[in-house]
Structure formats: C-alpha cells, structure tokens
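Fold and geometry: a report
Now for the letters of each chain:
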Amino acid sequence: QIQEPQLQGQDVGMQCEDDRTGIGVETLKRAFLDNLFYVQGKFPALATKHDYYMALAYTVRDRLLQRWVNTAAIYTQEGSRTVAYLSAEFLMGPHLGNNLINLGIYNQVQQAMTELKLDLKELLAKEEEPGLGNGGLGRLAACYLDSLASLEIPTLGYGIRYEFGIFDQIIRNGWQVEKTDKWLRYGNPWEIARPEWAVSVKFGGRTEAHKNAQGRYQVRWVPHKVVLGIPYDTPILGYKVNTANTLRLWKAEAPESFDFEAFNRGNYYGAVDQKVTSENLTKVLYPNDETYEGKQLRLEQQYFFVSCALQDMLRIMLRQKLPLEQFHEKFAVQLNDTHPAIAVAELMRLLLDEHEMDWEPAWEITQKTFGYTNHTLLPEALEKWSLKLFSSLLPRHLEIIYEINWRFLEQVRHKFGTDEGRIGRLSLIDENDGKFVRMAHLACVGSHRINGVAELHSELLKKTTLLDFYEFFPEKFTNVTNGVTPRRWIVLSNPKLANLITSCIGDSWIKHLEDVQQIETFAQDPGFQKEWQQIKRENKVNVASILLDRTGVKVDPDSLFDIQVKRIHQYKRQHLNILHAITLYNQIKQNPNLDITPRTLIFAGKAAPGYYIAKLIIKLIDSVADVVNKDPDIGDRLKVVFLPDYNVKNSQPIYPAADLSEQISTAGKEASGTGNMKFAMNGALTIGTLDGANIEIRNAVGAENFFLFGLTTEDVGALRLTGYRPWEYYEANPQLKQAIDQIASGYFSHGDRRLFKPLVDLLLDKDPFMLMADYQPYIDCQQQVSQTYRDRDRWLQMSILNTARMGKFSSDRAIREYCQQIWKVKPVPVQLAAAKTGDG
Ligand code: B1H
C-alpha cells in the first residue's frame, strides 16, 4: 500500500466524475470492466491476465487523457515557451505503476482490483517495458521527463520509436545470448499515433542553386530518397499535478507516392523494397553503450528524428502564428549528447533553404536555441562521421557545416592569431587520419551552453576533451549534476520505505527531496530504526525469492547484499568486484572456520553484443559463481549471482534490497553514474572511487558514511605518465597473484586455460583500467565494510543518514538548474477547468 493523502473532489474536478475521469473505487471498477468489454472485447470468464492489464492500462489512460488534452489546450492558448529534449534514447520503463503514483490513485486501483479478485502486482508485471535506451543516458532522459512534468514545465521529448529496443538478455552456459525485444507484439496502450502530423525527411542526392521569387540565389536539395516520419505520442504525467507533457517518438515509413511510382512502372517488388528499406530506419536501437560505430543506418536514424523534431517545432510555430525569428524564444532545444547534434545544421538548413532567412540571423537563432549536454569523456564514444558517408547522405548539411566552420575558424584566428595547431584541434573537420565531421565540435559551436553531468566530469571536460572550446568560449560552460526521480526510484520501487518516511515527516519529500533530511531526527529513535531494518530485510527477502526463481540460487537474506548492476564495461570494473569474490573464496578455503561477514554478491547488466571482453566478464562472473555456490566448504558465507536481463522493470526491486552499492569505476571514467544515486536513496552504503557523482554523494552523506578507496583521477594520470606496470602489482601481492593464477589456470573453467586468457593477458599487460593498482585498496576497503556490517546499529545509522542526505540527487533539482541556467523557462500550471469550457 502506498500511503498518500486522498485527492479531494475539487482537485480533479467534481464536475467530471464520470467513468472516464472518476477516481472512486466503484467508478474505477466500472470503468475497468467497461474497457475490458469494449477495448479488449472480453468478459471476465474469458479474459487473460494480459487482457486485464490492457483494460487497466486503458482505464488509467482515460484519466491521463483528460489532463493531457487540458495541458495541450493551455500551452496552445498561452503560446508557452517549451523545452524540446532531443534524445536518441528514452528508457522509460513500465508506465502503469508510475502513472498510478503520479495520478495519486494507486491505493484506489489496488482496492478496485482486489474487489474484482485480481492482484494489481500481477497486472503490473504484464507490462512489456519500452526499452528504448541502453543505460544511464536513456534512463536520465526518462527521469528528466518525469521531473519536467512534475515541475509543470512545457516539454516535448523527441526521439525514435524503435520497433525493437535494447535486446533481451538470456544467459546460456554462462554466456550472454541476445534475443530481439519485441515490445510492441501485444500492442502499446500508452501511445497514440498522429499520422496527420507526419513529415518528410530527405536523404542523399545533391544540391543545386536556383533563383527565388525575389531573384535571390537559394540552395535546393534534390534528395535520392524521402522517408516519412510518423509521430507516436505518449502522455507524460507529472506527480500530482495536471500537467501531462508529450513524448513524441518517430517511426519511419515509406511515402505512398514513392510506392506508386515503382508500382506503376510494374515494379511491385521495387515498391515493396522501398517500403522495407524505409521502415528499416527505425527498426532497432543500436545496443553499443558508449562505443561509437560509424554505421550509415545510425546516422540515418539520428538525422531522421532530428529533422522530424525540428520540422514539428516549425509546424507548431506556424500554427501559433509565431514568426520564425522567435524560434529560440519559443523553444529551448537540449541535445542529449551528440546523437542529435546534426540538429545544428538541420535548423540552419530549414531557416536558410526552406524559409529563406539570411545566414546571420539564422545562426544567431540557432546558437540561442541549443544547449548541449556531454555524457562521456571516453574517446571511443566520441562521434565522428567520415566525410564520404556524410556527404553521400547529407550533402547540404556538409555545405552548411563547412560554412559554419569557416566562419568559426575566422573568429578563432581573430582571437588567437594563426595558431595552426589550435585551429586544427578546434576545426569541425578532423583531418588527422582521413577526414571526419566531429559531432561534439558541431554541438559546441552551435549551442549557447555546454554542460557535463557531474562536477568532476564538467571540470575534466574543460581541462581535456573540450579544453580548446573552453578557452575560446568559457562563458558557455557549466555543470548540471544528474539526478533521478524519487517517484519511480523510491515511491514506486520501495513503497514500504516511502510509507515509513511519510509517516514520520509527511509527504512533501516526494516533490522536494531535500525535505527527506528531516528523518535525521528519527535516526536515533529505536522504533524507527527497527522499522527501517525490517523494511530492508523484507526487500532482501523479496530479491532472494526473485534470485531463486530466475537463477535457482538460494541466498541468505541475512547476509550482506553487495550489488553491482549497470552495463558491463571494462571501465566500470565488474571484474575488480569478481577479484574480491575470488579473494573471499580463497580466504575461506584456506581457513574453513573463518568467521567472516556472510555476503551475497549480485551482478546484473547487459554487454554490447560485439564487445567481446565484456561478454567474457559475464562468463567469468558466472563461472566463479558456479564454483563458489557449489562448494560445501563455503556454505552460506559467500554466494555469487548473475541476474539475467537487467532492465528498468527488473531493477526496481534491486535498489531497495541493497546493503552495499558498488560504484568502482576507474577514476575519471564514469561521467556521473545514476545507479549510485538510486542505491543511496534507498539506504544502501556505497563502496566507491572518487569518480563522477560519487564525489558529490560522498560530500552529501558525509565521508564517514561512505566507503572510499582507490586512485584519484590525478593518480591515474600520473601513474600512466610515469609508466604503469600492472604485473608488478601481481607479482608483489600473493592474494592477487593467486586469484589471477586461478582464472588463468582454468580453476573456474573446468581446466580450460584458454577461456579467460584474453582477460588475464589484458590485466597483466596493459590493464587499461588499472585494476591491479586498485586491487589491494579495494580489498582493504571491503574488509572495513565487513567489519562495519557486524555492528548492525552503526550500519543502520549510516543507512538512514544516506537516505536522509540524498535530497540533492532528485532529478527535480537537476531540472530546476537546467530551467534557470540553460533554458530560461518557467512553470505553466494547468487547471482542469479548461476541459469543460473547451477553450483553446
Ligand atoms: C553515458 C553514454 C552513451 N555516457 C553513446 N555516454 C551511446 C554514449 O549508443 N550510443 O552511441 C549510448 C550511451 N552513456 C552515461 O550517461 C554515462 O556513462 C553515465 O556516467 C551517466 O550517468 C549517464 C547519464 O548522464
């Protein structure tokens, strides 16, 4: 049961209390059965669980639509300044539970279902989540949409409606196997197609000059092909407000006229072919988190959704009769990394070629419109497109980029003189080894603000990757530390904890997470402590049963739950965590009576399908788990589990069940991290390096409530400079040597010495992420963790203080900062009365 004050009749409009909008239990039951009948075409005796889920989803959607239509009416009426959040990924997670929370009807719906002899939990489990993202970056976009709506900021999220999202992961014989994510198979009740707002997107071909009506030369783009973009809208409701914003995702289709041309020539297959290739555009999400792959289809996806989005914004301006000169006043457009950076050139093209604006005003509008968020410093993630590919796909954009570059480099020369090195480094075109368009450079020159996602990351951006841009326009640079929404990540995921907090301090913390600080006064209260501990224990029992169900491994809920869940990446160092597991195992084997703190090590996460070492790390985790879990000498003192198919839905029970959160990336590599925030909010303690937002989390919760270890970013740089020799650590450290030797000798692979050789060789030779250097400090720190956990009262105290001091890490705070520093946009409250009058 979620505890919340009952909505008053007037809050939702008593006048509207009918079957589509009412929120009383009886009304909900009637509406639910009505939808079962008229939408699913079923009566209870024949209905499946899925039918019930759909009926409930439509019942909830009806209540959303009332708010959505009102919101649209008010935004149109007022011509409100609007945030357009452009992102190739939106990792929304299941909608139903979240919408129940934000509507404030969770309890009524639960009761309605119970009275109909249904279990709300089971229905919630039926929802296929829209996994339209890889990891943190996509999930951040989803948290931001929740906060934008909750703060009543007019927003459009623009992205791609991938037919297949991030693959489903199964583990077969310890290896990751990818399965297609057919999330649309049974229909999606949360979206509404808007074919009336379709737009055309051009690709390829050539450009030519022509004279316009005024006798002025203009450029015309004669494309090789045209694809239609169809928008699919999903309402995004804020928490206990009437604001319902729009997530507008674009699907590619073949334009009919093209089909007909081929068809009339008698080329039926040609016509169908065109359809197939057009629709391929939005078929599948690229699953390579933080590695760039120079694939044509990927650039096509990026340009496709960006062009759709900008054309859509222009349509909105025309309909609201706003002059295009006011584009930057109507819209604040945020680029979620460089994936939508082509927007800079596309807006220029639309203003210059389609609306015949002059260069200077067009460029001024463009720069004032965009903000650019950088999410990574990893060189392998920096997008650059070969000129060959770029010019064949986007010939007009290349011309525009050359012009932007030429003018920009003129300014650089003006400021710094002819420093050819600097000019080469700043140029939008990389000419070092082949020629490429540098998308981060395009984003930097085309935006008025550039931000990193945590303080350290934003500083490193200015010192390293974007140093030259910082020197040229320092005023553009800023930081906005990431945040996550407490609605999904506490209220929905951890209802018991949410109720406990609310029973002590009221529920203001759900909208103002800073208020959660008030539970500090209860930190010493034995009754409160007992409940806190009890809730953690129940959440662990829940995860224990999930683990048993999905992996067959039985774990002890009284052991320390030590959890690392995130994409599998060398820089995130899941293999450092595994070295700790092996070390504990060896300690017990050497001393079978060893009195150690019992631990359960839980891992989950997907590896990019083509990332061999990451897949091998999964295999290693599984192999170590196999040996450890079966060894009778170990018993309940150590268990290792890999939970398959990590996604938003599967993650929700995980954070509330953690005692220890593993945030152990090599310093300087994790831009921010957001899982670190979800864990700490739910009362887990962190073991972590001074990386990304860990630093700010540690400052917030207090150094004494955080387990810190490892090299700093400066140490990493210095060590690399003086010559890093990983094998020396190995040779000098018997525990480390034993662990590595076991992996190499086939101890965990039935004697197979070849299996993990690539991993072992990498660690002993290059060790690019410095596991060898951080090993002993990590082991020592884990030892402290174990010691501290034995003092249950102390641990409990630390756990409470972690939750209490995480207020800063709400995405509401992050979004307020974006609104003030970058977007200059204000809330536009929505009243439901407008629906009645039908105004707007
Ligand atoms: C993050 C990505 C990313 N940074 C390329 N960069 C992608 C890059 O498919 N691609 O091409 C996909 C994803 N993702 C993450 O962003 C950072 O690693 C995290 O540290 C950060 O918390 C998150 C949100 O800012």
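About the criteria used
Residues numbered from 1 in each chain as written. Predicted model: local features only at pLDDT ≥ 70, side-chain atom pairs only at ≥ 80, totals over all residues. Heavy atoms only, no water. Helix = DSSP H or I, 4+ residues; strand = E, 2+ residues; numbered from the N terminus. Expected span 1.5 Å × (residues − 1). Buried < 20%, exposed > 50% of the residue type's maximum accessible area, 1.4 Å probe, protein only. Contact = heavy atoms within 4.5 Å. Polar contact = N/O pair within 3.5 Å; in protein donor to acceptor, adjacent residues only side chain to side chain. Domains from an automatic or database assignment. Core = buried A, V, L, I, M, F, W, Y, C linked by side-chain atoms within 4.5 Å. Near = heavy atom within 4 Å. Areas by Shrake-Rupley, 256 points an atom, 1.4 Å probe, with all protein chains shown as cover. Pairing = 2+ DSSP bridges. pLDDT = per-residue confidence, 0-100. Salt bridge = Lys/Arg side-chain N within 4 Å of Asp/Glu carboxyl O. Axes fitted to C-alpha atoms, helices over the stretch in contact; angles between N-to-C directions.

So, on to helix H22 (residues 526–551). With 26 residues, H22 extends 37 Å from end C-alpha to end C-alpha; this agrees with the ideal 38 Å at 1.5 Å per step. Of the positions making up H22, those classed as buried are Phe528, Gln529, Trp532, Ile535, Lys536, Asn539, Lys540, Val543, Ala544, Ile546 and Leu547. If you follow the buried residues of H22, they end up packed against helix H21 (495–505), strand E20 (560–565), strand E21 (599–604), strand E22 (638–642), helix H32 (771–790) and helix H33 (792–804). For H22, the side-chain oxygen to backbone nitrogen distance between the N-cap and Gly527 is 2.7 Å, and the N-cap itself is Asp525. Two residues or fewer after H22 comes Gly552, characterised by a positive phi angle close to 80 degrees.

Before going further, it helps to spend a moment on the domain arrangement of the protein. Along its sequence, the protein is organised into domain 1 (1–81 + 96–128), domain 2 (82–94 + 129–479) and domain 3 (506–711 + 729–738 + 766–809). Placing a centre on the C-alpha atoms of domain 1 and another on those of domain 3 gives a separation of 37 Å.

The next point concerns the nonpolar core. Leu86, Phe304, Met313, Phe327, Phe390 and Trp823 are the most contacted members of the largest nonpolar core, which totals 114 residues. No other element matches helix H10 (residues 296–319), which puts twelve residues into this core. Setting aside residues up to four positions removed in sequence, Phe327 forms contacts with Leu310, Met313, Leu314, Met317, Val333, Leu347, Ile365 and Thr369. Counting residues in each nonpolar core, the second largest holds 89 residues, with Ile23, Leu36, Ala57 and Val701 among its members.

This paragraph deals with the site of the ligand. The environment of the ligand is made up of 20 residues, and the closest members are Glu290, His375, Asn482, Glu670 and Gly673. Within the contact set of the ligand, an oxygen atom lies 3.4 Å away from a backbone nitrogen or oxygen of Ala671. One nitrogen or oxygen atom from the main chain of Ser672 is found 3.0 Å from an oxygen atom belonging to the ligand. Alone, the ligand offers 530 Å² of accessible surface; in the complex the protein occludes 96% of this. With three residues, helix H7 (residues 136–150) is the single largest residue contributor to the shell around the ligand.

Attention now goes to the sheet that holds strand E16 (residues 429–430). Within a sheet, each strand pairs with its neighbour through backbone hydrogen bonds, oriented either parallel or antiparallel. Ordered by their spatial adjacency, three strands build an open sheet running E15-E17-E16, and the pairing between neighbours is antiparallel. Whereas interior strands pair on both sides, the edge strands pair on one side only; in this sheet they are strand E15 (384–386) and E16. As defined by bridge partners, E15 adjoins strand E17 (residues 436–438) across three bridges and the pair is classed as antiparallel. Note that in E17 the partner of Ser386 across the bridge is Phe436.

The next subject is the confidence of the model for the protein. When pLDDT drops low, the exact placement of atoms in the prediction is not to be read closely. Averaged over every residue, the pLDDT of the protein is 95; the share at 70 or more is 96%. Within the model, the stretch residues 834–840 combines pLDDT values under 50 with seven contacts to residues more than four positions away or in other chains.

Secondary-structure assignment places Ala440 in helix H17 (residues 439–445). Judged by relative accessible area, Ala440 falls into the buried class, the value being 11%. Residues Ala440 and Lys240, 200 residues apart in the sequence, show an inter-C-alpha distance of 38 Å.

With that settled, consider the environment of Glu354. Mapped onto the elements of the fold, Glu354 is located in helix H12 (residues 343–354). The class for Glu354 is partly exposed, based on a relative accessible area of 41%. Between the C-alpha atom of Glu354 and that of Arg220, which follows or precedes it by 134 residues, the distance is 8.6 Å. Aside from chain neighbours lying at most four places away, what touches Glu354 is Lys202 and Arg349. There is a polar contact of 3.5 Å between the side chain of Glu354 and the side chain of Lys202.

What follows is about the side chain of Ser661. By the element assignment, Ser661 lies in strand E23 (residues 660–663). In this structure Ser661 comes out as buried when scored by relative accessible area, which is 0%. Polar side-chain contacts of Ser661 include one of 2.9 Å to the side chain of Gln663. Residues within four places of Ser661 in sequence aside, it is in contact with Ile563, Asn676, Phe679, Ala684, Leu685, Thr686 and Ile687.

Let's shift gears to the pattern of salt bridges. Taken as a whole and judged by the stated rule, the model has 58 salt bridges. Of the charged contacts, one joins Glu208 and Arg220 as a salt bridge, the two residues approaching to 3.2 Å between their closest N and O atoms. Of the two residues, Glu208 sits in strand E9 (residues 206–211) while Arg220 sits in strand E10 (residues 217–222), which places them twelve residues apart along the sequence. Note that Arg599 and Asp562 form a salt bridge whose closest N and O atoms lie 2.8 Å from each other. Highlighted residues: Arg599 in strand E21 and Asp562 in strand E20, separated in sequence by 37 residues. By relative accessible area, Arg599 is classed as buried at 1%.

Spatially, the six strands line up as an open sheet ordered E22-E21-E20-E23-E24-E25, and their pairing is parallel. Edge positions in the open sheet fall to E22 and strand E25 (707–708), since each of these has one partner strand only. Bridge count between E21 and E22: five bridges; the pairing is parallel. Within E22, the position partnered with Phe603 by the bridge is Phe642. Helix H23 (residues 574–590) contacts E20, E21, E22 and E23 of the sheet and is inclined by roughly 155 degrees relative to E21. Sheet strands touched by helix H24 (residues 612–630): E21 and E22. Its angle to E22, the strand with the most contacts, is close to 145 degrees.

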